[in-house]
Every structure is written in C-alpha cells, then in structure tokens.
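# Coordinates in review
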Amino acid sequence: MTNSVIGGFFVSILIFAFGCLRDWGFSWMWTMPALWIFVAAPPVLWYFLGRRIGISAGADWFAVKGGHVDVYELTKVQVVGTSGGLSWDLELADRKGTELSINLREIQANRDLWDLVYNGIAHSVNRGAKTNPKALDKLKLR
C-alpha cells in the first residue's frame, strides 16, 4: 500500500471522528448515509493523486515528470530538509545542467528503482560530484 493511500485512510478516520464528535455519537451514519461518501472517498482520491508523481528510471537515467538526469554523470547530489528533519528532498544535477528535486521517501519506496538511482549516485560521488554533509550521511555515501 502506498503512502498516499495510507494518508487517505488517515483522512477518512479524521472525517469519521469529526462526524461522531459533531453528533455526539453514531447517529449520523444512519440518518445521513450519503455522508459515507466523504468517509470512503479519500483513499481512492489519494491513490490517484499519488500516481501523478511519475517517477521512472533506467540503467543510467532517472526521470520525474518534467525532465530526466543521467545518474552516472551527476555534478551535484544534495539532500536538503525541513528544519524539523521530517522531510528530506534529493536534489540532483547532471553535466547537461538538468536539475531534479524529489522527496527522498518517494523514491526509496520503490526498492528496484532506488537501487538503479543509488548506484548512479554512488558512482558520480566517487567521481567528484559535489555533495553536502546531509547527502553523505543520509545516503551513506562515505
């Protein structure tokens, strides 16, 4: 199950809890059965929203909607995150000047795809691609 579907279930639970708190019970489930659409819809909607990311990789390239980089010719590999460190973004740039940024969790969710990209990242870093300390630590490139 993808992270987006799990998020959809979480939203469904929140909507269900709101309905129960608003009516101080479960009576809303029988008096207004159409409200179940709002409880059931989020996982389905989040599934389709999660598929819009459009990530793919080949033996020597990585693509996100909007462009692709050659992972064996990277010039920059950086991991940047929020101040709380809950979300890490992977920023890549290759010799052609193409730059991509993607949430690290999104790409690591697909193990086979991540293996292809990681091999190219490790190769590029060993050949001198610029990195930051977070990239070395989070991606275990040392």
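Note that the structure is a prediction, hence the values are computed from the model and not measured. Each residue is numbered by its place in its chain's sequence as written, counting from 1. Per-residue local features are limited, in this predicted model, to residues with pLDDT of at least 70; the limit for side-chain atom pairs, both in listing and counting, is 80 or more; totals at the level of whole chains, interfaces and linings are taken over all residues. Each side-chain value is worked out from all heavy atoms of the structure, with water and hydrogens disregarded.

### Here's the deal with the pairing of strand β5 (residues 88–94)
For the record, the criterion: Pairing between two strands requires that DSSP report at least two bridges joining them. Secondary structure elements follow DSSP: runs of H or I no shorter than four residues count as helices, runs of E no shorter than two count as strands, and numbering proceeds from the N terminus.
The pairing of strand β4 (residues 74–81) with β5 spans 7 bridges and is classified as antiparallel. Within the sheet, the bridge partner assigned to V79 lies in β5 and is L90. Judged from the 5 bridges that link them, β5 and strand β6 (residues 99–103) form a sheet pairing that is antiparallel. Within the sheet, the bridge partner assigned to D89 lies in β6 and is N103. Counting the residues between successive antiparallel strands, the hairpin from β5 to β6 contains 4 residues, one of them, G97, with a positive phi of roughly 95°.

### A short note on the pattern of salt bridges
Selection rule: A pairing counts as a salt bridge when a side-chain nitrogen of Lys or Arg comes within 4 Å of a carboxyl oxygen of Asp or Glu. Type-normalised accessible area, obtained with a 1.4 Å probe on protein chains alone, sets the label of each residue: buried when under 20%, exposed when over 50%, and partly exposed for intermediate values.
With the rule as written, the count across this model stands at 3 salt bridges. Linking K96 and D94 is a salt bridge whose minimum nitrogen-to-oxygen distance equals 3.7 Å. Linking R111 and D115 is a salt bridge whose minimum nitrogen-to-oxygen distance equals 4.0 Å. Placement of both R111 and D115 in helix α5 (residues 111–126) is noted, with a separation of 4 residues, approximately one turn of the helix. Take D115: its relative accessible area is 34%, and that puts it in the partly exposed class.

### Thoughts on unusual backbone geometry
Unusually for a residue other than glycine, K140 sits at a positive phi of about 55°. Position of K140 among the secondary structure elements: in the segment after α6 (133–138). With a relative accessible area of 65%, K140 lands in the exposed category.

### What to know about the packing of aromatic side chains
We apply this condition: The criterion for an aromatic pair is that two Phe, Tyr or Trp rings (for Trp, the six-membered ring) have centres within 6.5 Å, with stacked assigned to planes under 30 degrees apart, edge-to-face to planes over 60 apart and tilted to the rest.
Per the counting criterion, the structure on display carries 3 aromatic pairs. With a centroid separation of 6.2 Å and an interplanar angle of 35°, the aromatic rings of F16 and F26 are classed as tilted. On the criterion of sequence distance, the pair formed by F16 in helix α1 (residues 3–23) and F26 in the loop between α1 and α2 (28–31) is long-range, its members being 10 residues apart. Overall, the relative accessible area of 25% leaves F16 in the partly exposed class. With relative accessibility at 46%, the residue F26 sits in the partly exposed group. Here F16 and W36 contribute two aromatic rings whose centre-to-centre distance is 6.0 Å and whose plane-to-plane angle is 40°, an arrangement assigned as tilted. With a gap of 20 residues between them, F16 in helix α1 and W36 in helix α3 (residues 36–50) connect regions that are remote in the sequence.

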